[in-house]
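Survey of secondary and tertiary structure
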Amino acid sequence: MQFIDTHAHIYSKKYDSDRDEVIERSKANGIERIYMPNVDVDSIDAMLEAEQRYPEMCIPMMGLHPCDVDKDFEKQLYVMEDWLSKRPFVAIGEIGTDLYWDKGSFDIQREALKIQVEWAKQKQLPIVLHCRESIDETIAIIGEMNDEHLTGIFHCFTGSVEQAREIIEMGFMLGIGGVSTFKNGGLDMVLPEIGLDHLVLETDGPYLAPVPHRGKRNSPEYIPTIAERVGDLTASTVEKVSEITITNANKVFNWGKDEL
């Protein structure tokens with residue numbers, strides 16, 4: 001069986017001691033591709049180095065993470081926009097809003113998000129959205145800017161059935177990761193109502209490892225564990241989870257299109 005990890009920071013320093021081994025174990029567990037979200041200007045070189053080392057597997061995005069939006073965010077966006085003009089990226093991400101760490105920067109987070117969504121529209125790229133403790137706010141912003149060309153993933157979805165349906169109605173996928181395996185993660189109430197048709201799998205490695213690895217470094221090799229849990233919650237076989245989530249990921253990232 002094959003799987004796609006739609007969101008992993010495999011270029012993180014947390015993998016520096018054994019990145020080759022992690023990639024090999026991931027391949028052995030059926031992971032065929034890992035989509036890498038950028039976070040800030042400083043992460044670009046490491047991300048592109050991972051792409052160069054594993055070109056068939058590690059695929060980069062470009063974006064400014066909301067937790068890295070500060071008073072100089074426009075300078076960072078200038079550098080990223082330049083990168084987008086120089087070479088292809090499969091998505092604008094990881095972008096969005098975050099009210100967990102810093103409620104005081106929401107206005108500039110929103111401004112940075114809107115600028116990057118406009119990039120996505122201009123370049124007809126999907127967006128990968130972070131929305132920790134800010135899912136309603138992010139839905140509202142995307143709802144205002146949405147059009148027939150805008151699509152993407154609400155990464156690390158942990159919301160309600162109603163929020164899931166709003167996101168699906170806008171034409172977006174839900175990124176499901178290790179939280180689905182947590183006892184009080186809440187997705188056991190959501191996924192049975194939603195089904196597989198709008199889901200993609202992700203780890204968010206090195207963060208949010210699934211049970212039984214919770215509290216340790218997460219890794220793309222754990223995607224099959226997440227797939228099994230998603231299968232249990234949607235009354236589907238793991239084979240069906242693999243098939244549908246790969247189809248969904250390929251659709252979001254336009255996999256196989258000439259321009260990629």
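Structure: see above.
Residues numbered from 1 in each chain as written. Predicted model: local features only at pLDDT ≥ 70, side-chain atom pairs only at ≥ 80, totals over all residues. Heavy atoms only, no water.

1. Here's the deal with the overall build of the protein
Where we set the bar: Helical segments are the DSSP runs of H or I of at least four residues, strand segments are the runs of E of at least two, and each set is numbered from the N terminus. Atoms counted for the radius of gyration: C-alpha only. Globule rule: 2.2 Å times the number of residues to the power 0.38. Three exposure classes are used, based on accessible area relative to the maximum for each residue type with a 1.4 Å probe and protein chains only: buried under 20%, partly exposed in between, and exposed over 50%. Note on contacts: a residue pair is in contact if any heavy atoms of the two residues lie within 4.5 Å. We get accessible surface area from the Shrake-Rupley algorithm with a probe of 1.4 Å; when it comes to residues, only the shown protein chains can shield them. Lys and Arg are tallied as positive, Asp and Glu as negative. Neither His nor the chain termini are counted. Charge positions come from single atoms, namely NZ of Lys, CZ of Arg, CG of Asp or CD of Glu.
Of the regular secondary structure elements, the protein holds nine helices and eight strands. Over its C-alpha trace the protein gives a radius of gyration of 17 Å, about what one expects of a compact globule, namely 18 Å for 260 residues. The dimensions of the protein, computed from C-alpha atoms along their principal axes, are 45 × 40 × 40 Å. When burial is assessed residue by residue, the protein has 56% of its 260 residues classed as buried. Contacts in the protein between residues far apart in sequence, at least 24 positions, make up 74% of those at least 6 positions apart. For the protein, the computed accessible surface area is about 11900 Å², with 46% contributed by carbon and sulfur atoms. Of the side-chain charges in the protein, 26 are positive and 46 negative, and the distance between the mean point of each set is 3 Å.

2. Looking at the sheet that holds strand β2 (residues 31-36)
Here is the rule we go by: If DSSP finds at least two bridges between two strands, the strands pair. Axis definition: a line fitted to C-alpha atoms, over the contacting stretch in the case of helices. Angles run 0 to 180 degrees between N-to-C directions.
Strands sit in the order β1-β2-β3 across an open sheet of three strands; the sheet is parallel. Of all the strands in the sheet, the pair left with one neighbour each is β1 (3-5) and β3 (58-60). Across the sheet, the mean angle separating the axes of adjacent strands is 20° when strand polarity is ignored. Here β1 pairs with β2 via three bridges, running parallel. Paired with Ile4 across the bridge in β2 is Arg33. Of the strands in this sheet, β2 and β3 touch helix α2 (residues 44-53), which is tilted by about 140° from β3.

3. So, the pattern of salt bridges
Filter applied, for reference: A pairing counts as a salt bridge when a side-chain nitrogen of Lys or Arg comes within 4 Å of a carboxyl oxygen of Asp or Glu.
Applying the stated criterion across every chain yields a total of twelve salt bridges. A salt bridge links Glu193 to Arg165; the nearest nitrogen and oxygen atoms lie 4.0 Å apart. Residue Glu193 is found in helix α7 (residues 191-194), and its partner Arg165 is found in helix α6 (residues 161-169); the two are separated by 28 residues along the sequence. Arg165 sits in the partly exposed class, given a relative accessible area of 45%.

4. Some words on the packing of helix α3 (residues 73-86) against helix α4 (residues 106-123)
Convention followed: Each angle is binned into one of four classes, with values under 35 degrees roughly parallel, values over 145 roughly antiparallel, values of 65 to 115 roughly perpendicular, and all other values oblique. Rotating anticlockwise by less than a right angle from the far helix to the near helix defines a left-handed crossing, while the corresponding clockwise rotation defines a right-handed one. The residue classification treats Ala, Val, Leu, Ile, Met, Phe, Trp, Tyr, Cys and Pro as nonpolar and Asp, Glu, Lys and Arg as charged. All others, Gly included, are polar.
Relative orientation of the contacting elements α3 and α4 amounts to 15°, with a least axis distance of 11 Å. When the interaxial angle is binned, α3 and α4 end up roughly parallel. Along this stretch, α3 crosses α4, giving a crossing that reads as right-handed. Along the contact surface, α3 presents Phe73, Glu74, Leu77, Met80, Glu81 and Leu84, while α4 presents Ile108, Glu111, Ala112, Ile115, Gln116, Trp119 and Lys123. Each residue belonging to the contact of α3 with α4 can be placed in one class, and the counts come to eight nonpolar, one polar and four charged.

5. What about the pairing of strand β5 (residues 127-132)?
What counts, and what does not: We call a crossover right-handed when, viewed with the strands running away from us, the connection from the first strand over the helix to the second turns clockwise.
β5 sits mainly inside the fold: five of its six residues count as buried. This β-α-β element, strand β4 (residues 92-98) to α4 to β5, shows right-handed connectivity. Relative to strand β6 (residues 152-154), β5 runs parallel, the two sharing three bridges. Across the sheet, Val128 pairs through a bridge with Ile153, a residue of β6.

6. Quick word on the sheet that holds β6
One open sheet accounts for five strands, arranged β4-β5-β6-β7-β8; its pairing is parallel. Either end of the sheet is taken by a strand with one partner, and the two such strands are β4 and β8 (199-201). Direction aside, the axes of adjacent strands within the sheet are offset by 30° on average. The sheet contact formed by β4 and β5 spans six bridges and is parallel. Bridge pairing in β5 links Thr97 to Cys131. Here helix α8 (residues 223-233) sits on the sheet in contact with β7 (172-176) and β8, set at roughly 150° to β8.

Function-wise, these values are silent; they only describe arrangement.
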